[in-house]
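Inside the fold
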Amino acid sequence: MLIVNIILAFVMFGVALGIKLSTFKEVFTSPKSVIVGILLQWVGLPAVTFLIALALNQLITPMIALGMILVASCPGGNISNFISSLSKGNIELSVSMTAITTAFAPFITPLNFFFWGSLYSQVVSLNSDIPVLVIPFLPMLEQILLLLGLPIVLGLVFAHYFPNATKKITKPAQVTSILLFIGMVVVSFSQNFQLFLDNIFYVFFIVLIHNASALATGFFGGTLARVPKADRRSLTVEIGIQNSGLGLILLFNTAIFPAEVWHGHYGGMLFITAWWGIWHIISGLTVAYLFRRTPLTE
């Protein structure tokens, strides 16, 4: 767990290096698309995920559902900025959304997971014999503030006062973060590899449906809000690319998900979260390819 916590702190420090304080100022000059994006990220996606989990209730386990809700509660993924640029979207909007959702993740992620997870557990328990699951809000908040909040603040301060050094270490930090994430995915699968193989099609289709719904939430949300087409593309990518690596690290943290609370049966959450991290790259590149083939005209 010490290694996992160090990895998380390093990853979030690296993320913060790419966040410029000026980004938050720029948001207020043309706030509509950012506000729409934040609402879709913090409210729209978790709500849609909750409804999907209820609709698939007879086909999925409660842990699968909570894995979906955990992913939906995470901030936008860093690769979304790259995918947004490939999509010929609004890069500034993409960076702004990633920066804001990441900066507020220590508060929003545990709040959303607690609210929607508890609501799902209560609704499902009314129609079946499963017990109401205990969603750890305070332990998650405490751990995230320590493991995310502190590295993010340090990263912002470092980037502000040491811009030259930041330019030199940002790219290596991002590459290292990707390698560490891949390592975590490998470890998470290796612990339950046979079980994953037995359920690969099951997990694949659940993530496929969930991720497609996330992309659709961004696209149609932006369309209904009548934001510019370039902004709509970035919203599609931002909502469809989640920082599932954060969710994966949180699942490894026994201070948040102790075995006695989950009775050791949270493999479903691990599978969903880990596979999301792989699949959203594939779907993101596919969406970028389709966007690039479509003329960007108003």
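Within every chain, residues take consecutive numbers counted from 1 along the sequence as written. Note on the predicted model: pLDDT of at least 70 is required for a residue's local features to be given, and 80 or more for side-chain atom pairs to be given and counted; whole-chain, interface and lining totals, by contrast, use all residues. As a convention, hydrogens and water are excluded, and side-chain values are obtained from all of the structure's heavy atoms.

The next thing to look at is the nonpolar core. Ranked by size, the top nonpolar core spans 44 residues in total, and within it I60 and I272 carry the most contacts. Going through the elements one at a time, α3 (32-55), α4 (62-73), α6 (91-103), α7 (105-126), α11 (200-224), α12 (229-240), α13 (244-252) and α15 (267-292) are the ones with two or more residues in this core. Among the buried residues, those of types Ala, Val, Leu, Ile, Met, Phe, Trp, Tyr and Cys that are joined through side-chain atoms within 4.5 Å form a nonpolar core. For each residue, the accessible area found with a 1.4 Å probe, counting protein chains only, is set against the maximum for its type, and the residue is called buried under 20%, exposed over 50%, and partly exposed in between. Judged by nonpolar contacts, the second largest core, of seven residues, contains M12, A16, I152 and I249. Here a strand is any run of E in DSSP of at least two residues, a helix any run of H or I of at least four, and the numbering for each starts at the N terminus.

Residues forming no salt bridge and having over 30% relative accessible area are the ones grouped into patches, like charges within 9 Å of each other and nonpolar side chains (Val, Leu, Ile, Met, Phe, Trp, Tyr) within 5 Å. Residue-level accessible areas treat just the shown protein chains as cover; the underlying method is Shrake-Rupley with a 1.4 Å probe. Salt bridges, as used here, are contacts in which a Lys or Arg side-chain nitrogen is within 4 Å of a carboxyl oxygen on Asp or Glu. A cluster of nonpolar side chains, contributed by V153, V157, Y161 and F162, occupies part of the molecular surface with about 420 Å² of accessible area. Inspection of the secondary structure puts F162 in the loop between α8 (137-161) and α9 (163-191). By relative accessible area, F162 is classed as partly exposed at 48%.

In predicted models, pLDDT denotes the confidence assigned by the predictor to each residue on a 0 to 100 scale. Averaged over every residue, the pLDDT of the chain is 79; residues scoring 70 or more account for 76%. Per-element confidence in the chain ranges from a low mean pLDDT of 49 for helix α14 (residues 259-262) to a high of 93 for α3. Across residues 260-264, where pLDDT falls below 50, the model places 10 contacts with residues more than four positions away in sequence or in other chains. We call two residues in contact when some of their heavy atoms are within 4.5 Å.

For Phe, Tyr and Trp, rings pair up if their centres lie within 6.5 Å, where Trp contributes its six-membered ring, and each pair is then called stacked (planes under 30 degrees apart), edge-to-face (over 60) or tilted (otherwise). Within the structure shown, the criterion is met by eight aromatic pairs. Here the aromatic rings of F50 and W116 are separated by 5.4 Å at their centres, their planes lie at 45 degrees, and the arrangement is tilted. Of this pair, F50 sits in helix α3 while W116 sits in helix α7, placing them 66 residues apart in sequence. By relative accessible area, W116 is classed as buried at 13%. Between the aromatic rings of F204 and W279, the centroid separation amounts to 5.2 Å while the plane-to-plane angle is 75 degrees, which identifies the pairing as edge-to-face. Placement of the pair is F204 in helix α11 and W279 in helix α15, with a sequence separation of 75 residues. On the basis of relative accessible area, W279 is assigned to the buried category, the value being 15%.

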